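Working through the structure, step by step
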Amino acid sequence: MKENTLNQTWLFVITLAFVYLSLMPSAFATQKDCLTFHVIANAPLGFKNEEGNVVGVHWEYLEEIERESGLCIDKFLMPYPRIWRSLKLGEHDGGIVFASESRLQIVELVGLIREVRTVVVGGDEIFITGIDSLAGLKIGKTRGTHLGEQFDGLFDVVPVSGYEQAYGMLRYNRIDAVAGSALVLHYQAKTLGFYQDINFF
């Protein structure tokens, strides 16, 4: 399998239910109630380690934000497909998400944390040279993620529950490729034992 990077990026941004939180954090310093922030339940973003402790890149980001801002933040793991509905209904206050134009009406984007690449991992006989070469391919994508109108509206996207399922389907030729965050796909390939089958370049 070969991994090929598309000419686009995803943004990690922190999003809050109330935009003024980013402008006046001291207003919450005297309140007893903590803000509730999700962490995407997907390694290496957020997961339980062998000792049962929650760890991960996004978990650490929120810990640092809590230290720097003085805000009290209750963090919890949440599957990605549930995050947007929960934010829309006001069931929790915010968290770190992948920015999506189609969901800007749900949240206020407070600040950019980092940019990450979106990549497509192709099967053994698939060579991806750019976004145009994805036409006609069955591409696995985790439920709830949006890769942008250019991607979601043009290609044959197959929803999958997670990267273990996606890589399994790729191995048995049930799909032609997997799309997602380079950080997560890279990590999951190593964890699931698919790394030796992928040419990362």
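Residues numbered from 1 in each chain as written. Predicted model: local features only at pLDDT ≥ 70, side-chain atom pairs only at ≥ 80, totals over all residues. Heavy atoms only, no water.

Some details on the overall build of the protein chain
- Helix and strand content of the protein chain: 5 helices and 10 strands.
- Within the protein chain, buried positions represent 43% of all 201 residues.
- With the model as given, the accessible surface of the protein chain reaches about 10800 Å², and the carbon-plus-sulfur share is 49%. (Helix = DSSP H or I, 4+ residues; strand = E, 2+ residues; numbered from the N terminus. Buried < 20%, exposed > 50% of the residue type's maximum accessible area, 1.4 Å probe, protein only. Areas by Shrake-Rupley, 256 points an atom, 1.4 Å probe, with all protein chains shown as cover.)

Points about the side chain of Gln-188
- With respect to the helices, strands and loops of the structure, Gln-188 is situated in helix H5 (residues 182-191).
- Take Gln-188: its relative accessible area is 11%, and that puts it in the buried class.
- A polar atom in the side chain of Gln-188 sits 2.9 Å from the backbone oxygen of Ala-43.
- What Gln-188 contacts, discounting residues up to four positions off in sequence, is Asn-42, Ala-43, Tyr-163 and Tyr-167. (Polar contact = N/O pair within 3.5 Å; in protein donor to acceptor, adjacent residues only side chain to side chain. Contact = heavy atoms within 4.5 Å.)

Quick notes on the state of the cysteines
- Scanning the entire structure with this criterion turns up 1 disulfide.
- Note that Cys-34 is cross-linked by a disulfide to Cys-72, the S-S spacing being 1.5 Å. On the S-S bond that ties Cys-34 to Cys-72, the torsion sits near 60°, and the link is right-handed. Of the two residues, Cys-34 is situated in the loop between strand S1 (2-16) and strand S2 (35-40) and Cys-72 in the loop between helix H1 (57-69) and strand S5 (73-78); the sequence distance between them amounts to 38 residues.
- Here Cys-72 falls in the partly exposed class, since its relative accessible area comes to 35%. (Disulfide = S-S within 2.5 Å.)

A short note on helix H4 (residues 163-171)
- Restricting attention to buried positions, one finds in H4 the residues Tyr-163, Ala-166, Tyr-167, Gly-168, Met-169 and Leu-170.
- Residues of H4 that are buried sit in contact with strand S7 (108-122), strand S8 (138-142), strand S9 (156-160), strand S10 (177-181) and H5.
- Note on H4: the residue one or two positions beyond its end, Asn-173, has a positive phi of about 60°.

Section: the nonpolar core
- Membership of the largest hydrophobic core comes to 26 residues, with the highest contact counts inside it found for Ile-83, Tyr-167, Val-178 and Leu-185.
- Breaking this core down by element, the ones donating at least two residues are helix H2 (80-88), strand S6 (94-98), S7, H4 and H5.
- Here this core takes 5 residues from H4, the largest share from any one element.
- Setting aside its immediate chain neighbours within four residues, Leu-185 contacts Val-119, Val-121, Tyr-163, Tyr-167, Val-178, Ala-179 and Gly-180.
- Ranked by size, the runner-up nonpolar core spans 11 residues in total, among them Leu-134, Leu-147, Phe-151 and Phe-155. (Core = buried A, V, L, I, M, F, W, Y, C linked by side-chain atoms within 4.5 Å.)

Looking at unusual backbone geometry
- For the bond from Ala-43 to Pro-44, the omega torsion is 5°, close enough to zero to count as cis.
- Positioned with a positive phi, Asn-173 is a non-glycine residue whose angle comes to about 60°.
- Summarising the element assignment, Asn-173 is placed in the loop between H4 and S10.

Notes on the side chain of His-38
- Tracing the backbone shows His-38 in strand S2.
- A polar atom in the side chain of His-38 sits 2.8 Å from the side chain of His-92.
- For His-38, the side chain forms a polar contact with the main-chain oxygen of Ile-96, separated by 3.0 Å.
- With residues up to four places along the chain from it excluded, the contact list for His-38 reads Leu-62, Phe-76, Met-78, Ile-83, Leu-87, His-92, Gly-94, Gly-95, Ile-96 and Val-97.

Considering the confidence of the model for the protein chain
- Here the protein chain shows a mean pLDDT of 77. Residues at 70 or above account for 79%.
- Strand S4 (residues 54-55) holds the highest mean pLDDT among the elements of the protein chain, 97, whereas S1 holds the lowest, 41.
- Throughout residues 5-31 the model reports pLDDT below 50, and contacts reaching past four residues in sequence, or to other chains, amount to 84 contacts. (pLDDT = per-residue confidence, 0-100.)

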